[in-house]
Amino acid sequence: MSLLYLFNPSTLIGQLSQASLQVIIWIQIFKWLKSHVKKNYSKSSWYLQGTSKGDGEAEFLMLFSAVPQHTTSAIFVFLGTYFNSLQLFTMGTLGEFAFEFIELYDLFMALYVYNNCPFKPVMIKSLLFHHVPGVIVIIPMN
């Protein structure tokens, strides 16, 4: 089996391979981004204001991480559509899948493994309502 087949966006194995790779890459990016923001900006007024609302620092950092990820994925979806490129479009949609998967994984680990979920029940329900359809729909729709 060649690498071209393994990452071919028109096959299920290619979609799953690319999705797995994106999950691994985005996990590392999110770890770096969250630690960088906490280390360098935790005393700034915008950080303190952002963490004082909602469910605190965990929600703020989750939303802060979503901005570069969603922007990157949207750019790839746009470029894939504009240039009629299946590979670019797939990279964008699987980037969204990676984000949805990572957020659900983190939520379930916090709820059921570590028993220290930082979110209120209403936030948990909204996260589930938002992320579950993305995980279920993105790979079959590609």
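The structure displayed is predicted, hence computed values, not measured ones. (Residues numbered from 1 in each chain as written. Predicted model: local features only at pLDDT ≥ 70, side-chain atom pairs only at ≥ 80, totals over all residues. Heavy atoms only, no water.)

## Concerning the packing of helix H2 (residues 12–41) against helix H4 (residues 57–82)
At step 1: One way to put it is that H2 packs onto H4 with a least axis distance of 10 Å and a crossing angle of 130°. In terms of orientation, H2 and H4 fall into the oblique class. The two elements H2 and H4 meet at a crossing, and its hand is right-handed. Of H4, the residues touching H2 (which contributes Trp26, Phe30, Leu33, Lys34, Val37 and Lys38) are Glu57, Leu61, Phe64, Ser65, Pro68, Gln69 and Thr72.
At step 2: Partitioning the contact of H2 with H4 into residue classes produces 7 nonpolar, 3 polar and 3 charged. (Axes fitted to C-alpha atoms, helices over the stretch in contact; angles between N-to-C directions. Helix = DSSP H or I, 4+ residues; strand = E, 2+ residues; numbered from the N terminus. Parallel < 35°, antiparallel > 145°, perpendicular 65-115°, else oblique. Left-handed = near helix turned anticlockwise from the far one by under 90°. Contact = heavy atoms within 4.5 Å. Nonpolar A, V, L, I, M, F, W, Y, C, P; charged D, E, K, R; others polar.)

## Examining the pattern of salt bridges
At step 1: Considering all chains together, one arrives at 1 salt bridge under this definition.
At step 2: Between Lys38 and Glu57 there is a salt bridge, with the nearest N and O atoms lying 3.9 Å from each other. Here Lys38, found in helix H2, pairs with Glu57, found in helix H4; they are 19 residues apart in sequence, far enough to count as distant.
At step 3: Lys38 gets classed as partly exposed once you look at its relative accessible area, which sits at 38%.
At step 4: A relative accessible area of 33% means that Glu57 is categorised as partly exposed. (Salt bridge = Lys/Arg side-chain N within 4 Å of Asp/Glu carboxyl O. Buried < 20%, exposed > 50% of the residue type's maximum accessible area, 1.4 Å probe, protein only.)

## What about the packing of H2 against helix H5 (residues 86–113)?
At step 1: In the contact formed by H2 and H5, the axes pass within 8 Å of each other and the chain directions differ by 60°. Relative to H5, H2 is oriented oblique. Pair H2 / H5 crosses with right-handed handedness. Contacts between H2 and H5 involve Gln15, Gln18, Ala19, Gln22, Val23, Trp26, Ile27 and Phe30 on the former and, on the latter, Gln87, Thr90, Met91, Leu94, Gly95, Phe97, Ala98, Phe99, Phe101 and Ile102.
At step 2: Here the residues of the contact of H2 with H5 are counted per class, giving 12 nonpolar, 6 polar and no charged.

## Concerning the packing of aromatic side chains
At step 1: Enumeration over the complete set of coordinates arrives at 12 aromatic pairs.
At step 2: For the ring pair Trp46 and Tyr47, a centre distance of 6.2 Å and an interplane angle of 75° mean the geometry is edge-to-face.
At step 3: Each ring, one from Phe78 and one from Tyr82, has its centre 5.9 Å from the other, and the planes form 20°; the classification is stacked. Pair noted here: Phe78 and Tyr82 are both in helix H4, with a separation of 4 residues, about one helical turn. (Phe/Tyr/Trp six-rings, centres within 6.5 Å; stacked < 30°, edge-to-face > 60°.)

## A short note on the nonpolar core
At step 1: Formed by Val23, Trp26, Phe30, Ala66, Ala98, Phe99 and Ile102, the largest nonpolar core amounts to 7 residues.
At step 2: Elements with a minimum of two residues in this core: H2 and H5.
At step 3: Not counting the four nearest positions on each side in its chain, Ala98 is found in contact with Gln22, Val23 and Trp26.
At step 4: Core analysis: the second largest hydrophobic core is formed by 6 residues, Phe119, Met123, Ile124 and Leu127 among them. (Core = buried A, V, L, I, M, F, W, Y, C linked by side-chain atoms within 4.5 Å.)

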